[in-house]
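# Structural overview for review
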Amino acid sequence: MAHSAPHHHNVAIIGSGPAGHTAAIYLGRADMKPVMFEGMMANGFAPGGQLTTTTDVENYPGFPEGVLGGELMDKMRAQSVRCGTVIETETITKLDLSSRPFKLWREGSENKSQPTDTASAVVFATGASARRMHLPGEDKYWQNGISACAVCDGAVPIFRNKPLVVVGGGDSAAEESIYLTKYGSRVHVLVRRDVLRASKVMAQRLLKHPKITVHFNTVATEAKGDGNLLTSVATRNTKTSEPGEIAAGGLFYAIGHDPATSLIKDQVNLDEDGYVKVVPGSSETSVKGLFACGDVVDKRYRQAVTSAGTGCMAALDAERYLTELQEEQR
């Protein structure tokens, strides 16, 4: 059976969060005819990425009343299409960056030797996912008391003046706990070991804070609630096995994120945590023609607006690259 030749694209965008869509809007307007592979439950998320799992977004500029995460992504998608992006609701399961043009395989493509698509440039915007604990009760109270982003969700009314629990002992756990003291009545930090992983300065700030209690050698074992909202967190002491329970209106995970970099793992320079390394101040990676943006690059801020900003950078970098490529080929 003869296989049809792969579809060639000027530029392919992999990922459909704020970074991918901002890149699509800019590339579409620049007449670069981008194609976006928005993914079908890629990395465990619906098209639109992590924002589709949040409810109210109050910190994205331009929405004074706030906006639902899913609604914000629907608007971005519509704008991408209006600016000329072709969106494919498919997941890319293999990417070969070893030769030009780059080779891409869509999920379910039978012929492993022949790619389904090729592209002169690729914008890599696959994002990251917050690590979850998969506690009993977690699915029931996810977004109804449980969150993996204190900065995104801490100001939500259900957490106001309530005791809150944060799981984690690193710098981000310390930062998020201190941030939450603005909203919660008290913040309990559960640390698995008998010592904080956080830097000395952050650890001291955490331990000295009048509204924070640090529970060492303690793990969460269950999220409990009244059927609608979270009301407490069951705990266990890792040394004595003694069970405990902390009344809580909120449970925040600060145990790290996993960037979705399996597609390019041994082809591009990644840092020790698996994030794509870019040339500082740009979206350029160690592979010419591959541009990375959004949470797959950024382990520090991880906000929709910072992702969108780097998506713009990737589009402008890709546009310059493609223009130079076209001039060379003349």
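Residues numbered from 1 in each chain as written. Predicted model: local features only at pLDDT ≥ 70, side-chain atom pairs only at ≥ 80, totals over all residues. Heavy atoms only, no water.

The following threshold applies: UniProt positions are given in the numbering used here, feature names are shortened, and annotations may be inferred rather than shown by experiment.
Taking an unreviewed UniProt entry as the reference, the chain is identified by name as Thioredoxin reductase belonging to Lichtheimia corymbifera JMRC:FSU:9682. Quoted verbatim from the Catalytic activity (unreviewed entry) field of the UniProt record, the comment on the chain reads "[thioredoxin]-dithiol + NADP(+) = [thioredoxin]-disulfide + NADPH + H(+)".

### What to know about the sheet that holds strand β15 (residues 230-237)
We apply this condition: Here a strand pair is declared whenever DSSP counts at least two bridges between the two strands. The helix and strand labels rest on DSSP assignments: H or I over at least four residues marks a helix, E over at least two residues marks a strand, and numbering proceeds from the N terminus. Axes here mean lines fitted to C-alpha atoms, for a helix over just the part in contact, with angles spanning 0 to 180 degrees between N-to-C directions.
The three strands are arranged β14-β15-β16 in an open sheet whose pairing can be described as antiparallel. Two strands close off the open sheet at either side, each with one partner strand: β14 (218-225) and β16 (243-247). The sheet shows a mean angle of 30° between the axes of neighbouring strands, direction not considered. Sheet topology places β14 next to β15; seven bridges connect them, and they run antiparallel. In the strand pairing of β15, Ala220 is matched with Thr235.

### Looking at the side chain of Ser147
Our working definition: Only protein chains enter the accessibility calculation, which uses a 1.4 Å probe; a residue is then buried when its area is under 20% of its type maximum, exposed when over 50%, and partly exposed in between. In the analysis that follows, any N or O atom pair within 3.5 Å is treated as a polar contact, provided that within protein one partner can donate a hydrogen and the other can accept it, and provided that, for residues neighboring in sequence, both atoms belong to side chains. Whether two residues are in contact is decided by their heavy atoms, any of which lying within 4.5 Å being enough.
As for its placement among the helices and strands, Ser147 is situated in strand β10 (residues 146-147). Since its relative accessible area comes to 1%, Ser147 is described here as buried. Among the polar contacts listed, one links the side chain of Ser147 to the side chain of Asp153, at a separation of 2.7 Å. Sequence-distant contacts of Ser147, that is, excluding residues within four places in its chain, are made with Trp142, Asp153, Leu251, Phe252 and Tyr253.

### Notes on the packing of helix α1 (residues 18-29) against helix α7 (residues 304-329)
Defined as follows: Should an angle fall under 35 degrees it is called roughly parallel, over 145 degrees roughly antiparallel, and 65 to 115 degrees roughly perpendicular, with every other angle called oblique. Handedness of a crossing is defined here by the sense of rotation of the near helix relative to the far one, left-handed for an anticlockwise turn of less than a right angle and right-handed for a clockwise turn. Under this grouping Gly is polar, as are all residues other than the nonpolar Ala, Val, Leu, Ile, Met, Phe, Trp, Tyr, Cys and Pro and the charged Asp, Glu, Lys and Arg.
Closest axis-to-axis distance for the α1/α7 pair is 7 Å, and the angle between their directions is 40°. With respect to each other, α1 and α7 are oriented oblique. For the crossing formed where α1 meets α7, the hand is right-handed. Contact with α1, carried on its side by Pro18, Ala19, Thr22, Ala23, Tyr26 and Leu27, involves Ala304, Ser307, Ala308, Gly311, Cys312, Ala315, Leu316, Ala318 and Glu319 of α7 and no other residues of that element. Taken together, the residues of the contact of α1 with α7 break down into 11 nonpolar, three polar and one charged.

### Here we look at the sheet that holds β10
In spatial order, the strands read β10-β17-β11-β12-β13; together these five strands make up an open sheet with parallel pairing. The strands lining the two open edges of the sheet, one partner per strand, are β10 and β13 (212-215). Here four bridges tie strand β11 (residues 163-167) to strand β17 (residues 250-253), and the two strands are oriented parallel to one another. Among the inter-strand pairings, Leu164 is bridged to a residue of β17, identified as Gly250. Running at roughly 170° to β11, helix α5 (residues 171-180) makes contact with β11, β12 (186-190), β13 and β17 of the sheet.

### Digging into the pairing of strand β8 (residues 117-124)
With respect to burial, β8 is a largely interior element, eight of its eight residues being buried. Judged from the seven bridges that link them, strand β1 (residues 7-14) and β8 form a sheet pairing that is parallel. Each bridged residue has a counterpart across the sheet, and for His9 the counterpart in β8 is Ala119. Alignment of strand β7 (residues 102-106) against β8, held across three bridges, turns out to be antiparallel.

### Topic: the packing of aromatic side chains
The relation between two aromatic rings is expressed through the spacing of the ring centres and the mutual angle of the planes. Condition: For Phe, Tyr and Trp, rings pair up if their centres lie within 6.5 Å, where Trp contributes its six-membered ring, and each pair is then called stacked (planes under 30 degrees apart), edge-to-face (over 60) or tilted (otherwise).
Under the definition given, this model contains five aromatic pairs. Aromatic pair Phe159 and Phe252: ring centres 4.9 Å apart, planes at 55°, arrangement tilted. Here Phe159 is found in the loop between α4 (150-153) and β11, whereas its partner Phe252 is found in strand β17, with 93 residues between them in sequence. On the accessibility criterion, Phe159 (3% relative accessible area) is buried. Aromatic pair Phe291 and Tyr321: ring centres 5.8 Å apart, planes at 65°, arrangement edge-to-face.

### Section: the nonpolar core
To keep it simple, the criterion reads: Only buried residues count toward a nonpolar core. Its members are Ala, Val, Leu, Ile, Met, Phe, Trp, Tyr and Cys residues joined through side-chain atoms within 4.5 Å.
With 22 residues, the main nonpolar core has Val166, Leu180, Val189, Leu206 and Phe252 as its most contacted residues. Only β11, α5, β12, α6 (200-208) and β13 provide two or more residues apiece to this core. If one sorts the elements of this core by residue count, α5 sits on top with four residues. Apart from the residues lying within four places of it in its own chain, the contact partners of Phe252 are Ser147, Cys149, Ala150, Asp153, Gly154, Phe159, Leu164, Val165, Val166, Val167 and Leu180.

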